[in-house]
Amino acid sequence: QLVESGGGLVQAGGSLRLSCAASGRTFSNYAMGWFRQAAGKEREFVAVINWSGGTTYYADSVKGRFAISRDNAKNTVYLQMNSLKPEGAAVYYCAARARGIAVVLPSLYDYWGQGTQVTVSS
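Caption draft 1: Representation of the overall build of the protein chain within the structure. Across its full length, the protein chain holds zero helices and 11 strands. Listed by position from the N terminus, the elements making up the protein chain come as β-β-β-β-β-β-β-β-β-β-β. Here the protein chain has a C-alpha radius of gyration of 13 Å; the compact-globule value for 122 residues is 14 Å, and the two agree. Each principal axis of the C-alpha distribution contributes one length, and for the protein chain these read about 40 × 25 × 25 Å. Within the protein chain, the fraction of its 122 residues that count as buried is 43%. Across the protein chain, the fraction of contacts at a sequence separation of at least 24, relative to all contacts at a separation of at least 6, is 59%. Split by element, the accessible area of the protein chain, about 6,100 Å² in all, is 48% carbon and sulfur. Looking at charge distribution, the protein chain has the averaged site of its 12 positive side-chain charges lying 4 Å from that of its 7 negative ones.

Caption draft 2: Region of the structure containing the pattern of salt bridges. This structure, assessed with the given rule, holds two salt bridges. As a salt-bridge pair, glutamate 44 and arginine 36 come within 2.6 Å of each other at their nearest N and O atoms. What makes glutamate 44 partly exposed here is its relative accessible area of 36%.

Caption draft 3: View of the pairing of strand β3 (residues 16–22). A large share of β3 lies buried, amounting to five of its seven residues. Pairing of strand β1 (residues 2–5) with β3, which is carried by four bridges, proceeds in the antiparallel orientation. Note on β3: the bridge partner recorded for glutamate 4 is cysteine 20. Bridge count for β3 against strand β8 (residues 76–81) is six bridges, and the pairing is antiparallel. When the bridges of β8 are listed, serine 19 appears paired with tyrosine 78.

Rules behind the numbers
- Residues numbered from 1 in each chain as written.
- Predicted model: local features only at pLDDT ≥ 70, side-chain atom pairs only at ≥ 80, totals over all residues.
- Heavy atoms only, no water.
- Helix = DSSP H or I, 4+ residues; strand = E, 2+ residues; numbered from the N terminus.
- Rg over C-alpha atoms; globule rule 2.2 N^0.38 Å.
- Buried < 20%, exposed > 50% of the residue type's maximum accessible area, 1.4 Å probe, protein only.
- Contact = heavy atoms within 4.5 Å.
- Areas by Shrake-Rupley, 256 points an atom, 1.4 Å probe, with all protein chains shown as cover.
- Lys, Arg positive; Asp, Glu negative; His and termini not counted.
- Charge placed at Lys NZ, Arg CZ, Asp CG, Glu CD.
- Salt bridge = Lys/Arg side-chain N within 4 Å of Asp/Glu carboxyl O.
- Pairing = 2+ DSSP bridges.

Set out below in structure tokens:
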């Protein structure tokens, strides 16, 4: 089970930190990812991290502003979002992949959270 938290309303230029708490599996073996889906659009890759935290990938649209990290002792993955833009408003989903290698395709992830809404006002 994956449970996201930390979403909310923020002004453009502001920051939020999303958290995703995992339970029920060997979290430290899993690659984890953050994806987002805006109204009327397909789900898209935001950031992913491999099982150890040693490898990360970011979408070009968030590179330099967002940071993904994980704490395997707490079974939690984070997404620090800085300098948020109005186009970043979406439902943000946490996902887990049983194979620990980080990949960017949503279809390759095995488990998904329920999502947390991020709203960015201009």
